[in-house]
Amino acid sequence: MPETEKTAPTTDATTDATDTAARAASATPVPAAKGVMDEEKTFPVGLVVRLFAYLVAGHILAFFLYLLFTVGAKG
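Keep in mind it's a predicted model, so treat the numbers as computed, not measured.

Engineer: Help me out: how do you make sense of the overall build of the protein in this one?
Structural biologist: Within the protein one finds two helices and zero strands. Relative to its 75 residues, the protein shows a buried fraction of 0%. Carbon and sulfur atoms make up 69% of the accessible area of the protein, which amounts to about 7700 Å² in all.

Engineer: Teacher, can you tell me more about helix α2 (residues 45–74) here?
Structural biologist: Side chains of residues three or four places apart in an α-helix project in the same direction, reflecting 3.6 residues per turn. Counted at 1.5 Å a residue, the expected span for α2 with its 30 residues is 44 Å, and the 44 Å between its end C-alpha atoms agrees. With respect to burial, α2 is a largely exposed element, only zero of its 30 residues being buried.

Engineer: Help me understand a nonpolar patch on the surface in this model?
Structural biologist: Nonpolar side chains collect at one region of the surface, where L61, F64, L65, L68 and F69 lie side by side and expose about 540 Å² of accessible area between them. Here F69 lies in helix α2.

The rules behind the values
Residues numbered from 1 in each chain as written. Predicted model: local features only at pLDDT ≥ 70, side-chain atom pairs only at ≥ 80, totals over all residues. Heavy atoms only, no water. Helix = DSSP H or I, 4+ residues; strand = E, 2+ residues; numbered from the N terminus. Buried < 20%, exposed > 50% of the residue type's maximum accessible area, 1.4 Å probe, protein only. Areas by Shrake-Rupley, 256 points an atom, 1.4 Å probe, with all protein chains shown as cover. Expected span 1.5 Å × (residues − 1). Patch = residues over 30% accessible without salt bridge, like charges linked within 9 Å, V, L, I, M, F, W, Y side chains within 5 Å. Salt bridge = Lys/Arg side-chain N within 4 Å of Asp/Glu carboxyl O.

Honestly, it's all geometry; don't read function into it.
What follows is the structure in structure tokens.
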């Protein structure tokens, strides 16, 4: 029964240089451009206004339905 020979993986100089450059490029942080809105911290104004309007309208509708069923149950 023949034994399988294990050989160490070979690397060449170009692969090592490419890997090293790729690791160095990914490790350096890219500075953010100044004056660009940070979208993770602020919401657009139009979205906030629409959200507020929908919340108010939804509560008014819920109150109307509640009032409708309350008055209807007494009749």
